[in-house]
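# Chain and residue survey
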Amino acid sequence: MLKNYAFFFFFLLLNSQLSFSQDVTDTIKTQNIEEIKINSKKITIDKNQTPSQIEIFSKEKIEFQNFQSTADMLANSGALFVQKSQQGGGSPVIRGFESSRILLLVDGVRMNNLIFRSGHLQNVITVDENFLETALVQYGPTSSLYGSDALGGSVNMITKNAKLIDGFTGNFNTRYSSVNEEKSGYFDINYGSKNFASLTAFSYNDFGDLKMGKSKNHNGDFFGERTKYVETINGVDILTQNNNKYVQIGSAFKQYNFMQKLIYTSKSGYTHNANFQYSTSSNINRYDRLTDPSGTGLKSAEWYYGPQKRLLGVYSLEKENVFANTDFKLDAGYQNVEESRMNRNFGNYNLQNRIENVNIYSLAANFETKLKRGNLYYGIENYYDDLKSTAFKNNIKTGVIAPLDTRYPNGKNNMMRNDIYISYTSKRYVATNFSMGARIGYASLNSTIADNSIMPLPFNEIKQQNFTYSGNIGLVHNASENFILKTNVSSGFRVPNIDDLAKIFESGAGTLIVPNKDLKPEQTVTGDFGFVLKSKSNKYQFDATYFYTQLYDAIVTDKFTFNNQNTYDFGGGDVRNVIANQNLGKAFVTGVNGNIKTTLAKNVQFNGSYNITLGRVTTDGNKRPLDHIPPYFGKLGINYTPKWATFEAYMLFNGKKHLSDYSTSGEDNLNYAPANGMPAWETYNFKAATKSIEGFTLFTGVENLLDTQYRNFASGINAGGRNIYGGAKYSF
C-alpha cells in the first residue's frame, strides 16, 4: 500500500506539469501566504518563508469542512494524528508527542495545567470549532515561544473577535449527521460602534450513540462490535444483548459552549479587551472501559467522566507604539477546570467518585519592537495553578457514603511558572532570512498529603524547584525562484507536574501507579531540514521536512517499589504490580512529512500529505518502541471551486501498527486492538458547500463513503461508519 500511495503522488505531480494552461488561477501562492490573528494582531505568515513547519486552519477552511468538533477537524486534516478513547474526546499527536508533551492554547493562553497527563486527553473539544477564527499548529519544540510542555509542538486555537463595525451583524448555523444523529446549532451576534464592540456566541451539540462501519476493512478482520452492554434496572446490574452490534451504545453525549468578547478603544490609543468562555457537557462515558471483558461478561457497570467544565476569563490591555516603535500587550487571566471520574464494577454497587478542581491564574506582558531589519518580541509570563483533589464512594442502593483514596494528594497542590523570553525574526535580506529566540524560567511545585490513612505513603510532601531554559534558531534560504531550503534547531522542556509526580492510579492492566518525588524535567533538542520545490508560475509545489528529536531524561512508566514491595494488595485477591514514572534514559523520535499542491485545470487543485514517524526509548542499554507513535498517515484530495460553490473529494489513510511497534507502557492500548495489531485503513469522502447567496450557505457531504469498519491506532472506540450530513448557515 505504501508503494501505491507514493506512485500516486508522483504520477499526479507529473500529470499536473502536462496539464497546465495559461488561464489557470494562481491558487497555491494565495494558500501559502495567509493572514491570521494572534494576540489580537493580524500577522501575515508565508509558510514558505517560515523556518519551522506550521499548518494553518483558516475560518473558511473550518467552515467548509464542517466537522463535528475541533478534534475531528484536526484528525481529518492529514496534518496530525488524533486518538480517541470515547466519542466525547480527541487527543492530538504531533510528531509522536501527545497530551502533556504538546501544548494547547486558546487565544494564546495555556490550556495545559498541573494535571495534564501523559496518557490521552479530551480537552481540545472544549473549544468549539464554530468559535474559531483560525488555528495554528506549530511542529517541533516551541518552548522558546510558549514555555513548558511544548516538546512535540503546539496547537493555538484562536477564537473570533468582536468587530468595530456600525450596527449589528450575526450568524446562525445548524447541522445534522446520520452516523450519530447529531443535532448541532450555533449562533453569534456582534454589535459594533466606532470605539466599542461586543460579540456573543453560543453553541449546542447533541451527539447520539456512534454507529461504526458495517463493511469489512480489506486490511483486517471485523473487531470492536458492541454485542453486549450493561443496564441497571431497579438497582440491579443486567448484561443486555445489543440488538444492533454496530451501534456503540454508551458513546452519546451533549455539550454546551458560550463566549462573550468585548472591545473598547480609548481616545489615548489604548485598547481594552475582555474575553469570557465557558464550556460544559453531559456525563461522557469512557467507552473503552465499558467494553472491558470479565468473567461476568463486562467488567464495568459504569465508567464515565462527569461534566467537563472549562471557564476562561482574560482581560487584555494593548497599545501600538507605546514607546520607541514598540507595541505593548498585557494579559491577566483566570481559568477554572473541573474534571471528575466515576466508576464501579459490575455487581459492585459502590460508585467511586474522584473530582479534580483546578484554578489557573496568569499574567503576561508582551512587547514587539519593529526594527529596520526585523521584529523583536520579548516579555514575561507568570502562571499559578492550584488543585483540590477529592474523592468518595456512594452506594447506589443504600446511599451510604464512605471515604475513598484521591487520584492526587488530598492536601494542598500548586505549581508556579515564571518565564522571560526574547525572539527575533528578520525581514528577508537578499535571499536569506532567519529567526532566533530564547526563554529562561523558574518553576516550583508543592504537594501535600493531608490524610495518609487510606493508602499509607513513605512521605507526606513533595516539593520541587526547577530552573528551565530553551532556545531556537532557524534559517530560510531562497536558492532560486523555484527552490527554497529551510532548517531549524530548537530545544524544548517539560517540567514534571502533579500528574507525573504524585498520581495514584489503578490502571486497567492490573497495575498500580504510585508517586515518585524524584522526577526531573524532560528536555528535547530537535533539528528540522526541509525544502520547497515549486514552478516559476507557482502552479505546483512540493515540500518536505525531515526532523530528528532527541529526548533527554525521558519520563517513562516502569516497574517500581512501594514501601519496599513491588506489588500492592488491595485485599480480596486484588494484587497489583507497582509501577511509577521515572527518568529512565534517552529517547528519539524521527520522521518525514511531505505535501504536494498542484493545479490540474482551472479551479481544480490536487492536494496531498504524507507523514511517517518512528520513536524509540533506550533503557538499560535496550531499545524499545516509544509510546504515542502513530503509523504512517496522510490525505489525498481534489478541490473544485467554481464561482458558486466548493467541492472536495478526498481519501484519508493510515498504515498498520505492527505488534513490534507497540510500546510496553500500555499507553498504546494494545488491549483495544486486534491481536495482531491495528490494521491499515482508508476512507473515501466527499464534501460540498455553496457560496453565500442572500446570506445563506448550504453544506453537505458523505464521510466514509464505503462504510468501512476501522479504528484509529491507540483508540478505544471504532470510528464512525458512513455519515451523511447537511447543514445551513445564515449571515445577517
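These numbers come from a predicted model, not from an experiment.

### Observations concerning the overall build of the protein chain
When its secondary structure is counted, the protein chain shows 7 helices and 43 strands. When its C-alpha atoms are laid out on the principal axes, the protein chain stretches across 75 × 60 × 60 Å. Looking at the protein chain as a whole, 59% of its 732 residues qualify as buried. Put simply, 68% of the contacts in the protein chain that link residues at least 6 apart link residues at least 24 apart. Accessible area for the protein chain stands at about 29900 Å²; split by element, carbon and sulfur atoms hold 57% of it. Mean positive and mean negative side-chain charge positions of the protein chain (75 and 65 charges, respectively) differ by 3 Å.

### Structural notes on the pairing of strand β21 (residues 300-305)
Counted residue by residue, β21 has 5 buried out of 6 residues, so it is predominantly covered. As paired strands, β21 and strand β23 (residues 326-345) are joined by 5 bridges and run antiparallel to one another. Bridged to tryptophan 303 within β23 is asparagine 343.

### A short note on the packing of aromatic side chains
In the structure shown here, the tally under the stated rule is 28 aromatic pairs. Residues tryptophan 303 and tyrosine 305 carry aromatic rings whose centres are separated by 5.6 Å and whose planes lie at 70° to one another, so their mutual orientation is edge-to-face. Each of the two residues, tryptophan 303 as well as tyrosine 305, counts as buried. Here phenylalanine 696 and tyrosine 730 contribute two aromatic rings whose centre-to-centre distance is 4.6 Å and whose plane-to-plane angle is 35°, an arrangement assigned as tilted. Placement of phenylalanine 696 in strand β42 (residues 696-703) and of tyrosine 730 in strand β43 (residues 723-731) is noted, with a sequence separation of 34 residues between them. With a relative accessible area of 32%, tyrosine 730 lands in the partly exposed category. Linked through ring pairs, Phe81, Phe633, Tyr662 and Phe713 together constitute an aromatic cluster. For the cation-ring pair, lysine 635 lies above tyrosine 650, with the distance from its terminal atom to the ring centre recorded as 4.4 Å. We note lysine 657 situated over the ring of phenylalanine 713; from NZ or CZ to the ring centre the distance is 4.6 Å.

### Some words on the sheet that holds strand β3 (residues 54-58)
Reading across the sheet, the 5 strands line up as β3-β9-β10-β7-β8 and stay open at both edges, with mixed pairing between neighbours. The open sheet has two edge strands with one neighbour each: β3 and β8 (109-110). Two elements, β3 and strand β9 (residues 132-139), share 5 bridges in a ladder whose sense is antiparallel. Paired with glutamate 55 across the strands is valine 137, a residue of β9.

### Here we look at the nonpolar core
With 64 residues, the main nonpolar core has Met73 and Leu74 as its most contacted residues. When residues of this core are assigned to their parent elements, the largest contribution, 5 residues, is made by strand β34 (residues 540-559). Once you skip the residues sitting within four places of it in the chain, leucine 74 turns out to touch Phe57, Leu80, Val82, Pro92, Val124, Val137 and Val155.

### A closer look at unusual backbone geometry
A positive phi angle is found at glutamate 694, which is not glycine, with a value near 55°. Tracing the chain through its elements places glutamate 694 in the loop between β41 (681-690) and β42. With a relative accessible area of 74%, glutamate 694 lands in the exposed category. Unlike most non-glycine residues, asparagine 704 shows phi in positive territory, near 50°. Assignment of secondary structure puts asparagine 704 in the loop between β42 and β43. The exposure class assigned to asparagine 704 is buried, which follows from its relative accessible area of 3%.

### Focus: the pattern of salt bridges
As enumerated under the stated definition, the model contains 31 salt bridges in all. For glutamate 55, the salt bridge goes to lysine 47, with nearest N and O atoms at 3.8 Å. Accessibility classification places glutamate 55 together with lysine 47 in one group, the buried group. Ionic pairing is found between glutamate 648 and lysine 635, a salt bridge with its closest N-O pair at 3.6 Å. Note that glutamate 648 is positioned in strand β40 (residues 645-654) and lysine 635 in strand β39 (residues 633-640), a separation of 13 residues in sequence. Neither glutamate 648 nor lysine 635 differs from the other in exposure class; each is buried. Among the ionic contacts, a cluster of salt bridges with common partners joins Arg101, Arg494, Asp500 and Glu522.

### Section: the environment of asparagine 244
Along the polypeptide, asparagine 244 turns up in the loop between β16 (236-241) and β17 (247-248). Assessed through its relative accessible area of 31%, asparagine 244 is described here as partly exposed. Note: C-alpha distance between asparagine 244 and threonine 227 (17 residues apart in sequence) is 7.6 Å.

### Examining the pairing of strand β33 (residues 522-534)
Along β33, the buried face is formed by Glu522, Thr524, Thr526, Asp528, Gly530, Val532 and Lys534; none of Gln523, Val525, Gly527, Phe529, Phe531 and Leu533, which line the opposite face, is buried. Pairing between strand β30 (residues 483-494) and β33: 12 bridges, direction antiparallel. The partner of phenylalanine 493 across the bridge, within β33, is glutamine 523. Pairing geometry for β33 and β34, over 12 bridges, is antiparallel. Bridged to threonine 524 within β34 is leucine 551. What sits between β33 and β34 in their antiparallel hairpin is a turn of 5 residues, with asparagine 538 showing a positive phi close to 60°.

### Some points on the sheet that holds strand β5 (residues 91-94)
The sheet built from 3 strands is open, its strands ordered β4-β5-β6 with antiparallel pairing. A strand with exactly one partner marks an edge of an open sheet, and here the two such strands are β4 (81-83) and β6 (97-98). The pairing of β4 with β5 spans 3 bridges and is classified as antiparallel. Within β5, the residue paired with valine 82 across the bridge is proline 92.

### Re the confidence of the model for the protein chain
Residue-level pLDDT values for the protein chain average 90, and 92% of them are 70 or greater. Confidence drops under a pLDDT of 50 for residues 1-30, and excluding neighbours within four residues, the segment shows 55 contacts in the predicted structure.

### Focus: empty space enclosed by the protein
Enumeration over the complete set of coordinates arrives at 11 cavities of 30 Å³ or more. Estimates place the volume of the largest cavity at around 770 Å³. Asp72, Asn76, Lys84, Tyr710 and Gly720 are the residues nearest the centre of the largest cavity, which is lined by 46 residues in total. If you list the elements that add at least two residues to the lining of the largest cavity, you get α4 (70-75), β4, β13 (196-207), β18 (253-265), β39, β40, β41 and β43. The class makeup of the residues in the lining of the largest cavity is 18 nonpolar, 24 polar and 4 charged.

### Topic: the side chain of glutamine 248
Summarising the element assignment, glutamine 248 is placed in strand β17. Here glutamine 248 falls in the buried class, since its relative accessible area comes to 0%. Each residue touching glutamine 248, except ones within four places of it in the same chain, is listed here: Asp209, Leu210, Lys211, Met212, Arg226, Tyr287, Ile717 and Asn718.

So, how was this worked out
Residues numbered from 1 in each chain as written. Predicted model: local features only at pLDDT ≥ 70, side-chain atom pairs only at ≥ 80, totals over all residues. Heavy atoms only, no water. Helix = DSSP H or I, 4+ residues; strand = E, 2+ residues; numbered from the N terminus. Buried < 20%, exposed > 50% of the residue type's maximum accessible area, 1.4 Å probe, protein only. Contact = heavy atoms within 4.5 Å. Areas by Shrake-Rupley, 256 points an atom, 1.4 Å probe, with all protein chains shown as cover. Lys, Arg positive; Asp, Glu negative; His and termini not counted. Charge placed at Lys NZ, Arg CZ, Asp CG, Glu CD. Pairing = 2+ DSSP bridges. Phe/Tyr/Trp six-rings, centres within 6.5 Å; stacked < 30°, edge-to-face > 60°. Lys NZ or Arg CZ within 6 Å of the ring centre and 35° of its normal. Core = buried A, V, L, I, M, F, W, Y, C linked by side-chain atoms within 4.5 Å. Salt bridge = Lys/Arg side-chain N within 4 Å of Asp/Glu carboxyl O. pLDDT = per-residue confidence, 0-100. 1 Å grid on protein atoms, 1.4 Å probe; cavity = no way out; pocket = protein on both sides within 12 Å on 5 of 7 lines; lining within 4 Å. Points joined across faces, edges and corners; volume = space filled by probe spheres on them. Nonpolar A, V, L, I, M, F, W, Y, C, P; charged D, E, K, R; others polar.

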